[in-house]
Structure formats: C-alpha cells, structure tokens
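# Examining the three-dimensional arrangement
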Amino acid sequence: MSLLNRVGTADHPGKSAPFSKTATGAQKRRFALPSLLPYALALPILAYEAYFILYPILQQIRLSFYQQPMGAAEEWAGLANYSRMLTDPSFWSVVRVSLMYLVGVVVVAIGFALASALMLNRHFRGRTVTRAVMTMPWAFPDVPTVLVFLWMLNPNFGVLNVFALWLPWVESAPNWLMDTRLAFVSIVLITAWKGFPFYSLVILAALQTVPAELSEAARVDGASKVQVFFAVTLPGIMPTLLLLTVLASIFSFKQFTIIWLLTGGGPAGATETIVIRIYNTAFRFYDFSYAAVLGVAGFVMALTVALVFLAAQRRQDLEAA
Amino acid sequence: MSEHKTITNHRKQRGISRRDVLKSTGAAALGAATMAPKASSAFAAPAVIQNEPVTLTYATWFWWEPGRQDAWRFIVEKFNSSQNDIRIEEGGWPFNDFTRNIIVQAQAGGVEADLIQTTPDLVLRLLDANQIAPVQDVVDSLGITTLNPAHNYITIDGQVYGLDVVTVAFGLFYNAAMYEGAGISSLPASTDEWLTVSEQLTERPNQFGSFSPHVLAEPESFWFTLQQWAMPFGGLWAEGDTPLVTSEPILNAVSLFKDFYDRTFPQGTNEATANRMWANQQIASELIVSAAVNTYKAEAPEFYPNIRSMPLPWEGKDTIARIHPITVNANGEHVDEAKHFLEFLYTPENYRELLTRSLDVIPAYDVGGLDDYFADIQWLEGFQDVNYLTPPDVVGDFVHNNQEFGQIVISKVSEVLTGNQAVEDAMADAQVELEDLASRLE
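About the cut-offs
- Residues numbered from 1 in each chain as written.
- Chains lettered and ligands numbered in written order.
- Predicted model: local features only at pLDDT ≥ 70, side-chain atom pairs only at ≥ 80, totals over all residues.
- Heavy atoms only, no water.
- Helix = DSSP H or I, 4+ residues; strand = E, 2+ residues; numbered from the N terminus.
- Buried < 20%, exposed > 50% of the residue type's maximum accessible area, 1.4 Å probe, protein only.
- Contact = heavy atoms within 4.5 Å.
- Areas by Shrake-Rupley, 256 points an atom, 1.4 Å probe, with all protein chains shown as cover.
- pLDDT = per-residue confidence, 0-100.
- Phe/Tyr/Trp six-rings, centres within 6.5 Å; stacked < 30°, edge-to-face > 60°.
- Expected span 1.5 Å × (residues − 1).
- Bend = angle between axes of the 7 residues up to and from the residue.
- 1 Å grid on protein atoms, 1.4 Å probe; cavity = no way out; pocket = protein on both sides within 12 Å on 5 of 7 lines; lining within 4 Å.
- Points joined across faces, edges and corners; volume = space filled by probe spheres on them.
- Nonpolar A, V, L, I, M, F, W, Y, C, P; charged D, E, K, R; others polar.

## So, the overall build of chain B
Scanning chain B for helices and strands turns up 19 helices and 15 strands. For chain B, buried positions account for 55% of its 442 residues. In chain B, the share of contacts with a sequence separation of at least 24, taken over all contacts with a separation of at least 6, comes to 75%. Put simply, chain B shows about 18600 Å² of open surface, and 48% of that area lies on carbon and sulfur atoms.

## Notes on the confidence of the model for chain A
Looking at chain A as a whole, its pLDDT mean stands at 86, while 89% of the residues score no less than 70. Under a pLDDT of 50 for its full length, residues 1–21 of chain A has, in the predicted model, 21 contacts with residues more than four places off or in other chains.

## Things to note about the packing of aromatic side chains
In the structure shown here, the tally under the stated rule is 54 aromatic pairs over all chains. Considering the side-chain rings of Phe 112 of chain A and Phe 196 of chain A, the 6.1 Å spacing of their centres and the 50 degrees angle between planes classify their relative orientation as tilted. One end of the pair, Phe 112 of chain A, is in helix 4 (residues 89–120); the other, Phe 196 of chain A, is in helix 9 (residues 180–207), and 84 residues separate them in sequence. Residue Phe 196 of chain A is classed as buried on the basis of its relative accessible area of 12%. Taking the centre distance of 5.1 Å and the plane angle of 70 degrees together, the rings of Trp 61 of chain B and Phe 98 of chain B count as edge-to-face. Here Phe 98 of chain B lies in helix 5 (residues 95–107) and Trp 61 of chain B lies in the loop between strand 1 (54–59) and helix 4 (68–82), a separation of 37 residues in the sequence. Taken individually, Trp 61 of chain B and Phe 98 of chain B each receive the classification buried, so the pair is uniform in this respect.

## Details of the environment of Gln 313 of chain A
All names here are of chain A. One can find Gln 313 in helix 14 (residues 288–320). Each C-alpha atom of the pair Gln 313 and Pro 239 lies 6.7 Å from the other, and the pair is 74 residues apart in sequence. In contact with Gln 313, not counting residues within four places along its chain, are Pro 239 and Leu 242.

## Points about helix 11 (residues 225–254) of chain A
Its 30 residues place the ends of helix 11 of chain A only 38 Å apart at the C-alpha level, less than the 44 Å of an ideal helix rising 1.5 Å per residue. The largest bend in helix 11 of chain A comes to about 50 degrees, at Met 238 of chain A, with the proline Pro 239 of chain A one to four residues further on.

## A few points about the environment of Val 146 of chain A
For Val 146 of chain A, the position within the fold is in helix 7 (residues 142–152). On the basis of relative accessible area, Val 146 of chain A is assigned to the buried category, the value being 0%.

## Considering empty space enclosed by the protein
Counted according to the given criterion, the structure contains three cavities of 30 Å³ or more. Quantified by volume, the largest cavity comes out at close to 60 Å³. Its residues placed into classes, the lining of the largest cavity shows two nonpolar, five polar and no charged. Of the volumes computed, that of the second largest cavity is approximately 50 Å³. Taken together, Leu 150, Leu 153, Asn 154, Pro 155, Asn 175, Trp 176 and Leu 177 of chain A together with Gly 268 of chain B form the lining of the second largest cavity. Per-class residue counts for the lining of the second largest cavity are five nonpolar, three polar and no charged.

See the structure below:
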C-alpha cells in the first residue's frame, strides 16, 4: 500500500483520496505534498554527495581513459593506462601488500576488540575507568599519535627498544621502521591499536543484547564456558562481527596517514599500499591519469571486499531464517 | 549609468574570480590604510582611487622560512615604498606543500599568483606547460652579462624563463666544537678519513659522527641529499635518457652511504629529529645546503657560531648547486608589473641586500661588493674553489621526472640499508626500473 493510500482523507481514512473522483484540486495538492517532502529533505545531502562524491568519482573514471600532460589538452588513451597498470609488476606487489595489511589489521583489531569486549562484559571493579582508558587510542588524532610512535620506535633512543632488549634473543636495538618485516608488523599493530577501541565498544553493545537466559540454559545443560561462547555468544554477535569486519577492511584499505608518516611505504616497498602508491603517483610524480587508474583499481578492490562480506552476511541471514 | 552598465556587463562576461575578490579586497584595504593618515586632506581620497595600485601575489614558501622570511619582507616593503603603482602581497604555502599546490592549480586551469617561486624541478614543469613568461628583457634592461650559467637549462632560444633568487649548494658542514673536543686537529682529506673521523665521534645513542636523510617517509630529502653522495666519485645518476645507477661511481657512492649509515648515522631518525640533534650538538657533520644555514642562525643562535664547512674531501670538489628561479606567470593579468618587480629585485643594490640578509653565499650574477660580507661568514671555506654541477648535469633528462627517478633509487637503496640486498643487485634492479621509466617517458 502506498503512503498516499495509507494517509487517506479526514472523512475516509485509508481511502485513495488523490485518485478519488470527488477530490478537489486543492485536496489533490494538499495530499500530494507529503510524498514530496522526503525527497525535498533528502535533496540537499543528495546534491552535496552528487557534486562532491559522485562527480569526482566519475571524473576519475573518465580521466583514467585519458592522458593529460600539465597545461596541455587531454588526449584519449583508451585502455593504455589500464594496460600499463596490469603489466607493472610493482602494481601487483602493492596489491599484495594492501591485502596483507588489510587482513593483518582486521584480524588483529577485531581479535583484540573481541577479547577486550568479552573482558569488559564481565563485572569487575574499575570497569568504567578501564573502558574509558581503552577508548583513548581511538580518540587521539592520527598525526600526533604517529609522531609519538616515531619517537618510541626510534632505534637509538626509542623506549620500545628498552623492552625489546629485555628479550633474551634480542642482542641489538631493533630498527623497527627500517627492517622490512618489523616495519610491516609495526604499521599493522599501530593501525589495529588505533582502531580496536571502536570495534570493541560496538561488540560490547552486541554482547549485551545476547539473552543471558540462553547462556544460563546452556550451562544448565552442562556446556563449558568455551562451548557457551562458540554455541551461544558468537552466533549472537556474528552479524555485528561481520559488519565490523567490513568496516575495518574499508578503514584499513583507506589508511594513509599512519603509513605515510611512519614509513612512507618503505623500506623497499614493504609497507606500500595502493593508497600510498596513488598519492605518490598523483602528488609527487604528477601523473594524474595513471593515478586515476590506480584509484579505480583501489575502488574495485574495496568494493569487492565489501561485497564478499555482504554476501557472507546475506547467506548467514538466509541460513538463520 | 551607462558606465555602470558597462562595468557590470564586463564583470558578467568575465565572471568574478577569486583573484578579483582578493584584488578588490586588497585595494579596498590599501585604500583605507592610505586614506587614514591623510584624513585631513580633502583631496586624498580621489587621488587614491584614481591611482589604484596593482596588487601582485608572490607565491613562495619563503614566508614560512625562518631568517629568509625577514629578508624578503624587507625587500618587498622597500619595493612597495619605492613607488605607488604596484603592491606585492604574500602568497603560497610552506615548502612541503608548495610544489604540489602549484601543480594542482596549473592542472586545474591556471596558477593564481603573478610571481611564482620555483624549485629546479618545478620551473621545468611550468616551462613545459607554458605557464611562465620569458624574463630576458629584465636581464637585458639591467645590462647583466654575468648571469650564472646554471640558468642555461631554463633558457630557450636565448630567452631565460626565471631568475635565480637563491642558489643552494651542498657543503660538508661540521661542528667545530665537537671536532675540537675530540682532538681532531686536521680536517679529513678523503671520504675514508671523513668516515674514520665520523666513526670516532660516534657514541651511540647520544652522539653521532654524521647524518644524511635516509627514511622513506621523507623521500624528497632522502633523494635530494643522496644525489650528492655520488660527487666524491665523479658519479652521475643519468646522462640524457640513460640511467647510470650501475656505473662504478654510483655503486661506490651507495656503498659509501651504506658504510656511513652502518657506522655513523642515527639510524631510522627522521629529518626533524636530526635537525634538533644537529642543533643540540649531537651530530658532528652533515652534507647540508648553504641556504639552510640561515635557519640555524635564526633558530639556534648558541649553536650557529660552531658551524663550519670543510673543503670537500674529494678530488675535483664537485658539488650540486640548484637554482631557485622566481618566475612570472605568463597567463597572469600583470606580466609587465611582475617584470617591473624583478627589475627592482635584480638591481645590484637590492639583490646584494637580499642575498646578504638571506645569508646566501652564491650570487646569481656578479653583483660585486660582497667581499666584506663573505669575510664575516665563518662557514664559507667549504664553498671556495668548488666545481658546481646542476641538476641536469647529474640526472640528465630525468630532471623532468626527478622525483619518480629518485623514488626508484631510494627504494632500492633502502633495501641495501636494511641488508636485504647487495649494492650491485639493488642497483641492477633499479637500472631495470629506470630504463622502463625512460622508455615510458619517450
């Protein structure tokens, strides 16, 4: 039933007044107005998004088929930019690093978030303070956070080296951001540390919606804590976890500030994600057309990741139904 | 009424640009400022309106640079006071944002400023894009015949397209107090001796014998300075469109860099931290460009007296000098007025004043009268009897794509620094990528 049908008229509730033979012109206008209101209210944001989001995306896609040297007219390039990208071995290296980074951040961030949410879901003294302190990494802006980490990770006087040197197998101060493996691990951990409080709070909210009776019933039936977690709690929060996985994937895929300021994509390309490559191509090498192609590739990758998770969620919903 | 209509129509045809708004606001402010002290004169206001000055925007990063900003503000104020027709106003961004913003403006339709400060890379990009006007007439009108040959790469058909306002050349600077404190009485005469002395001065984690930018989070600084490390071996990174990174001089240069990194650098330290350590007298020597010394005079006055430059410890004494030309926006509305400012700037008296106030040491032309000034600079020794090379000498045709070339090189050098690859292998990989770049740029 349409909105108009449901609104009806004062005399005949639910009756289709605008199409009634007896309705006057004024009545038609009066009852036609509410149907336009939602569109009118949405128009400003739709116009904003069309101009500032959709239009640039379309322009970028368009630019990816052109070459435009600075100060010169653009020239149709067909698929040349795409061909260059697909045959460039360093592009595939960037894709690999991007996916590894994405998986690393999602696993670590969601894992920590789940663990901390389970902890905070229990009653203990100082829970409120713990929760407040835990959200601090998420609340800090990226740039100052990175600057602090740059100091902490400095191989000469960084405080983390003090702790690292306590480990029996560490003989010299680790060069955190100049070693390919350590640099990658460092940016994954810092990104995950920065993001996990948000995921933790959302998971905590989801945990509190899982009916306590179900857990109690399972325990009465003799289930262990681990069994209760896997049979009751986890299925209860799975839709939330899937949603957070999608969000964390997209956030980590878009991550620029932390990587750029910590490593600039180095050493030796070990932390160069596609976002870093796009920035370098556009704003250091000023090859805007090729940067547009990389942008399209990044867009497709992000979309694919999101669609895979959404498909998984839909399948789960269907199974539940 | 008809005049009003004409003006309105004219505005409608052109549209009102941001430049118009800025210009009219600037003119209004200037008018108000000029009128204020002359309030007692009944004829002051009409005179100002009739002689509305042209406002030129000079886009540069100098306004954010300690020391140099004062020198430029002095010169601009002197120019503004010397006549009533043209006013220069400050524009631009800090150095790290400058080139990107100018290129984005150019790509988006045109640079807004009338006078554009450039780097050696940026001037070529603007030249390729027909964004800058020739300024040979300024040189000719002043009768300058000794313009630094470093301008040759921006001279086309006898027309120079920019005038250098600061030449930066690498010198090997050292902290005299640290050297004396360590009992080093004679300065290194070779790169091996420099390495030995630097190692002697290294006491990790508090003191280091030398530093050069080496983190990929600062790619511009890394590449900018790394190029200089080829100079002790007479190395060139490319010649024409042929990369030479597997040549013996370049392999020696990267090996030397690696030795210094391993034995004397504060590894993994970014430039901001290193600058602080240098000023705090925790770093003993650095390859630094002359123009940067001004910053230490302004910001580290206790440390500044200890700065010296040593004669370059290699044969030939090659060093890279980069000019930074001021250019005139060819698509601007006030090309002639902008050139008039350049003429004022390059007049010997004014140019000498700019150079000395900026604490620069390499004049763009033989301006004369600098002997007393040079005699007072305690860190000048290393800049005497050197052989200057320009960016095109060092990177060939890749000067048009210097950052892209540099990114490939520093990425491979970082593999050497991390110990993942031998110098020869890393540079062989770089050579392949650079040849690919060359073929793409053809």
